[in-house]
Amino acid sequence: MSRGFSADDVATQAGRRFLVTGANAGIGFEVSRVLAARGAHVIVACRDGDKAEGAINRIRADVPGAELSFQPLDLADLDQVRDAAKAIVAGPRIDVLVNNAGVMIPPKTLTEQGYELQFGVNHLGTFAFTGLVHPHVDDRIVITGSIAHKSGTMDYSDLSASRGYHNWSRYQMSKLANLLFMFELDRRLSAAGRATQAIGCHPGVALTELQRHLPLPLRALTPLASPFFNSAAQGAWPTLQAATGAHVQGGDYLGPQGLGEVTGRSGPARATRMARDPKLARELWMRSIELTGVDPGL
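All values derive from a computational prediction rather than experimental measurement.

## Describing helix α8 (residues 237-244)
Owing to its 3.6 residues per turn, the α-helix aligns residues three or four sequence positions apart on the same side.
Part 1: Counted residue by residue, α8 has 8 buried out of 8 residues, so it is predominantly covered.
Part 2: Taken as a whole, α8 has its buried residues at Trp237, Pro238, Thr239, Leu240, Gln241, Ala242, Ala243 and Thr244.

Given below as structure tokens:
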């Protein structure tokens with residue numbers, strides 16, 4: 001029986017190019033650090049140039065000579081998503097796109113186009129960016145899900161949250177959308193005869209900056225709970241397996257192997273029947289084209 005995948009299992013990535021969204025902190029930072037240490041060129045894609053520079057400097061302090069570059073990317077603004085995609089497509093081809101960036105349970109906030117932030121960033125921004133750059137990606141497209149998808153339902157009736165806002169249910173919906181998108185993207189890439197594959201992953205419960213919107217009493221308990229959850233470095237293992245694992249195939253979904261998929265080394269994870277529903281996925285695909293104005297052409 002496999003012991004599971006960790007950062008130690010990442011083979012050399014010399015000569016390969018990875019784009020990691022949300023790479024300045026948390027799991028995205030840890031993924032970028034490991035990839036850089038294995039010889040990859042990593043494009044750090046995030047909103048804040050100062051934070052990106054700080055992340056790049058921290059990685060280079062740990063990995064002298066690391067090949068890193070910065071690409072501005074704000075998934076909460078579809079106009080900026082288009083600008084970033086245009087810049088990427090104008091450059092060298094990418095081996096792996098790692099869609100890591102996301103937000104979790106923030107106060108009610110809208111994207112520049114007026115969508116609730118979690119659905120807007122976690123799904124629509126990811127859909128649009130992937131839809132624009134996928135022809136430029138040669139090997140894999142990684143999409144990050146969550147255990148939270150298991151309680152999610154798709155509801156398109158109030159995407160601006162004008163009638164009410166419950167942060168957890170909106171987060172759960174966005175994570176269900178991530179997996180519906182991943183499975184549908186892989187089906188369409190395969191049907192188009194593309195070698196590029198879509199792969200899903202989730203970090204279990206990892207202590208990262210995503211927890212900053214938790215209620216204060218829960219945030220205060222985080223240090224006490226840390227022995228029971230993944231660190232950011234451990235939470236990065238499923239993403240690293242999805243991006244580099246030798247035996248990973250399109251449509252695979254990976255996560256921690258511990259009880260409840262909360263912690264541990266990476267391996268096969270469980271996606272709900274709803275997340276694997278092709279009819280729901282097709283509906284989401286078409287609605288996402290309408291909402292973003294981006295047609296991936298698949």
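## Points about the sheet that holds strand β6 (residues 197-201)
Part 1: Taken in spatial order, the 8 strands line up as β3-β2-β1-β4-β5-β6-β7-β8 in an open sheet, and their pairing is mixed. Of all the strands in the sheet, the pair left with one neighbour each is β3 (67-72) and β8 (266-268). Within the sheet, the average angular offset between the axes of one strand and its neighbour, ignoring direction, is 25°.
Part 2: In this structure, strand β1 (residues 17-21) lies alongside strand β4 (residues 94-99), joined through 3 bridges in parallel fashion. The partner of leucine 19 across the bridge, within β4, is leucine 97.
Part 3: Strand contacts of helix α1 (residues 26-37): β1, β2 (41-46) and β3, with the helix running at about 165° to β1, the strand carrying the most contacts.
Part 4: In the packing of α8 onto the sheet, the strands contacted are β1, β4, β5 (137-144), β6, β7 (253-256) and β8, and the crossing angle to β5 comes to about 155°.

## Some details on the confidence of the model for the chain
Part 1: Per-residue confidence for the chain gives a mean pLDDT of 93; residues scoring 70 or more make up 92%.
Part 2: Between residues 210-214, whose pLDDT stays under 50, and residues either more than four places distant or in other chains, the model counts 14 contacts.

## Some words on the nonpolar core
Part 1: Leu19, Phe119, Phe129, Met154 and Leu185 are the most contacted members of the largest nonpolar core, which totals 50 residues.
Part 2: At the level of elements, β2, α3 (78-89), β4, α4 (117-133), β5, α5 (167-191) and α9 (278-292) are the ones that each hand at least two residues to this core.
Part 3: Beyond its immediate sequence surroundings of up to four residues, methionine 154 is in contact with Phe119, Met173, Leu176, Ala177, Leu180 and Leu284.

## A word on the packing of aromatic side chains
Part 1: Counted under the stated rule, the structure contains 4 aromatic pairs.
Part 2: Ring geometry for phenylalanine 127 against tryptophan 285: centres 5.4 Å apart, planes inclined by 85°, an arrangement best described as edge-to-face. Placement of phenylalanine 127 in helix α4 and of tryptophan 285 in helix α9 is noted, with a sequence separation of 158 residues between them.
Part 3: Both rings, one in phenylalanine 181 and one in tryptophan 285, keep their centres 5.9 Å apart while their planes meet at 45°; by these two values the pair is tilted. With phenylalanine 181 in helix α5 and tryptophan 285 in helix α9, this residue pair connects regions lying 104 residues apart in the sequence. No difference in accessibility class separates phenylalanine 181 from tryptophan 285, as the two residues are buried.
Part 4: A cation sits over an aromatic face here: arginine 58 above phenylalanine 29, 4.5 Å from the ring centre.
Part 5: Sitting over the ring of tryptophan 237, arginine 265 keeps its end group 6.0 Å from the ring centre.

Each value, and the rule that gives it
- Residues numbered from 1 in each chain as written.
- Predicted model: local features only at pLDDT ≥ 70, side-chain atom pairs only at ≥ 80, totals over all residues.
- Heavy atoms only, no water.
- Buried < 20%, exposed > 50% of the residue type's maximum accessible area, 1.4 Å probe, protein only.
- Helix = DSSP H or I, 4+ residues; strand = E, 2+ residues; numbered from the N terminus.
- Pairing = 2+ DSSP bridges.
- Axes fitted to C-alpha atoms, helices over the stretch in contact; angles between N-to-C directions.
- Contact = heavy atoms within 4.5 Å.
- pLDDT = per-residue confidence, 0-100.
- Core = buried A, V, L, I, M, F, W, Y, C linked by side-chain atoms within 4.5 Å.
- Phe/Tyr/Trp six-rings, centres within 6.5 Å; stacked < 30°, edge-to-face > 60°.
- Lys NZ or Arg CZ within 6 Å of the ring centre and 35° of its normal.

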